[in-house]
Amino acid sequence: MDTIFLIGGSAGSLKVLLEVLPELSANLTFPIIIILHRKGYVDSQLVNLLNAKTSLNVIEPDDKEPLSPGNIYLAPPDYHLLLEQDKTISLDFSEKFNFSRPSIDITFSSAVKIFKENTFALILSGANADGVEGLKAVKANNGTTLAQNPITAEVNYMPLQAITQSKIDFVLNPSEIATFINKLNVS
Amino acid sequence: MIEPDLIRDEELEKLLIEIAELYGYDFTQYSKASIKRRVNRICVIDKFTSFAELRYQLIKQPSYLQRFIEEITVNVTEMFRDPSFYKALRDDVFPQLDTYPIIRIWLAGCSTGEEVYSLAIIAKETNLIQKTLFYATDINPSVLEKARDGIFPISQMKLYSENYINSGGLKNFSDYYTANYDFARFNDDLKQKMIFSTHNLVSDRSFNEFQLIICRNVLIYFDKDLQAKVFKLFDDSLEHLGFLGLGSKETLRFSQLDKHYHQISTEKIWRKQKEDKRLIKSNNF
């Protein structure tokens, strides 16, 4: 398990995830981490909702949860999600970063330190600039950066910021995202 | 604050060892990803242009250590945070504690005290406050002073009041404090049974036996080995059938203790099993 696929999204991104998840291959050989901005209360319904859309296992991880291939990890509300060298998850309840907790920037920057050039980071629809710093870190470590095509985004600010402020390798329509992810599978 | 990344892993490791040797504060087993962020953050806030500068300040200026500890340890907290947790304490745990003549509660990592006042309010409303002692400890002496004062920003009271109601609170939340300009000063009767003390979970030992230990969002900053050590400390400090409450994303699931404890609800609250049950369990094992 050398690869990690990261997805960051805010307003308008749930719709995209609901389209992407059912199309994902049932036996992915790497984990996916999703960082969504959502309200501060514990909203377990979101995990259930996402789980209902895929045969992959969607988990809202506890602290020290090990990453396993084929699992989708949803950052818990109100915690930053970091990765450790041994590929376990560390949660962190420190200050909000750019008004966000979980912060997409923080998870992207942390993950690329562990997975280096095998990091893929995708920014979806959203109304703030979270993710830009993270994408820069991914690029600086030779990872791959992706953004949802702003034309297709319900709120185009976040993917536009990503595209104009950092170097984006692929701009994808929602219908192309699952195909891209499935192709990364190693047989 | 994320980039530039001023710190290399080996340098950080070396500095943490130096601090442990010089001052006795051991951060070497803090979770790496998180402490690196905190140290990077303090470099940015205090405007160090290189890691060497931070190191120099720490080694040559013992007075800077306090500042370092304050910034490295996370002191984000609120009253009745995760109301469902406090509801479970009120409905499921406190009624069980009523069977003891004296109730000892340890709040480890109490920070600025919001949680211990929350516990005192529940104890008051369940008529247990007179026989309860609250031991509130933290590694950081300056937050303990704040905790002792029990004065919190008035701007937080709306959130705390909502949390309180959602946790099953029975009264007017504003009855528990006096508003004074920008601050809310919590009533003295809540403070009477509180004992504040510094305690370092990394290096200090058990100091009493408790029926309830609460330690929320502290262990997430520790690596697995240190977590195991602290879980052992809690186990040594907990009476049989005592309760252990953790943060909403902390778990005993990856710990040795797991087989001697059972989770009492969907909340992160575990109960220590009786000795004989533990024996039977380990025999089967």
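Conventions adopted
Residues numbered from 1 in each chain as written. Chains lettered and ligands numbered in written order. Predicted model: local features only at pLDDT ≥ 70, side-chain atom pairs only at ≥ 80, totals over all residues. Heavy atoms only, no water. Helix = DSSP H or I, 4+ residues; strand = E, 2+ residues; numbered from the N terminus. Pairing = 2+ DSSP bridges. Axes fitted to C-alpha atoms, helices over the stretch in contact; angles between N-to-C directions. Contact = heavy atoms within 4.5 Å. Salt bridge = Lys/Arg side-chain N within 4 Å of Asp/Glu carboxyl O. Buried < 20%, exposed > 50% of the residue type's maximum accessible area, 1.4 Å probe, protein only. Disulfide = S-S within 2.5 Å. Domains from an automatic or database assignment. Buried area = accessible area lost by both parts, 1.4 Å probe. Nonpolar A, V, L, I, M, F, W, Y, C, P; charged D, E, K, R; others polar.

This part is about unusual backbone geometry. The omega angle of the peptide bond from arginine 101 of chain A to proline 102 of chain A is 5°, so this bond is cis rather than trans. Within the element layout of this structure, proline 102 of chain A appears in the loop between strand S6 (89-92) and helix H3 (104-115). Of note, the phi angle at asparagine 98 of chain A is positive, near 50°, even though the residue is not glycine. With respect to the element layout, asparagine 98 of chain A can be found in the loop between S6 and H3. Residue phenylalanine 80 of chain B is not a glycine yet carries a positive backbone phi of 50°. Looking at the secondary structure, you find phenylalanine 80 of chain B in the loop between helix H4 (64-72) and helix H5 (83-97).

The next subject is the sheet that holds strand S9 (residues 261-263) of chain B. Residue and element names in this part refer to chain B. If you trace the 7 strands from one edge of the open sheet to the other, you get S6-S2-S1-S7-S8-S10-S9, paired in mixed fashion. Each end of this open sheet is capped by a strand with a single partner; those strands are strand S6 (194-198) and S9. Along the sheet, successive strands turn relative to each other by an average axial angle of 20°, direction set aside. Most of the contacts of helix H6 (residues 114-125) go to strand S2 (residues 132-138), to which it runs at about 170°, and overall it touches strand S1 (103-108), S2, S6 and strand S7 (210-215). The strands touched by helix H10 (residues 224-237) are S1, S7, strand S8 (238-246), S9 and strand S10 (269-272); relative to S8, the strand with the most contacts, the crossing angle is about 140°.

On to the pattern of salt bridges. According to the stated counting rule, one finds 34 salt bridges over all chains in the structure shown. Here lysine 268 of chain B and aspartate 62 of chain A are joined by a salt bridge, their closest N and O atoms 2.7 Å apart. With one member in each of two chains, lysine 268 of chain B in the loop between S9 and S10 and aspartate 62 of chain A in the loop between strand S3 (57-59) and strand S4 (71-74) form a pair that bridges those chains. Taken as a pair, lysine 268 of chain B and aspartate 62 of chain A share a single burial class, namely buried. Glutamate 71 of chain B is the partner of arginine 67 of chain B in a salt bridge, and the nearest nitrogen-oxygen pair spans 3.2 Å. With arginine 67 of chain B and glutamate 71 of chain B both in helix H4 and 4 residues apart, this pair spans about one turn of that helix.

A few words on the state of the cysteines. In protein chemistry, a disulfide is the covalent bond that joins the sulfur atoms of two cysteines. The final tally for this structure, using the stated rule, is 0 disulfides over all chains. You can see cysteine 110 of chain B has no disulfide; the closest cysteine sulfur is in cysteine 215 of chain B, sitting 10 Å from it.

Let us now look at the domain arrangement of chain B. Residue and element names in this part refer to chain B. As assigned here, chain B comprises domain 1 (9-72) and domain 2 (83-279). The straight-line distance from the C-alpha centre of domain 1 to that of domain 2 is 29 Å. Taken together, the contact pairs 11 residues of domain 1 with 12 residues of domain 2. Here domain 1 and domain 2 share an interface that buries about 1,000 Å² over both sides, 53% of which is from carbon and sulfur atoms. Summed over the shared surface of domain 1 and domain 2, the result is 0 salt bridges.

Here the focus is the sheet that holds strand S8 (residues 144-148) of chain A. Residue and element names in this part refer to chain A. Pairing is parallel in the open sheet, where 7 strands are placed in the order S3-S4-S2-S1-S7-S8-S9. For this open sheet the edge positions go to S3 and strand S9 (170-172), each flanked by a neighbour on one side alone. Between one strand axis and the next, the sheet turns through 20° on average, direction left out of account.

Between chain B and chain A, the residue contacts involve 31 residues of the former and 30 residues of the latter. At the surface where chain B touches chain A, the tally comes to 9 salt bridges. With a closest N to O distance of 2.8 Å, glutamate 95 of chain A and arginine 38 of chain B form a salt bridge. Taken together, the elements giving at least two residues each to the side of chain B that touches chain A come down to helix H2 (32-45) and H10 of chain B. Here the side of chain B that touches chain A is built from residues that sort into 10 nonpolar, 7 polar and 14 charged.

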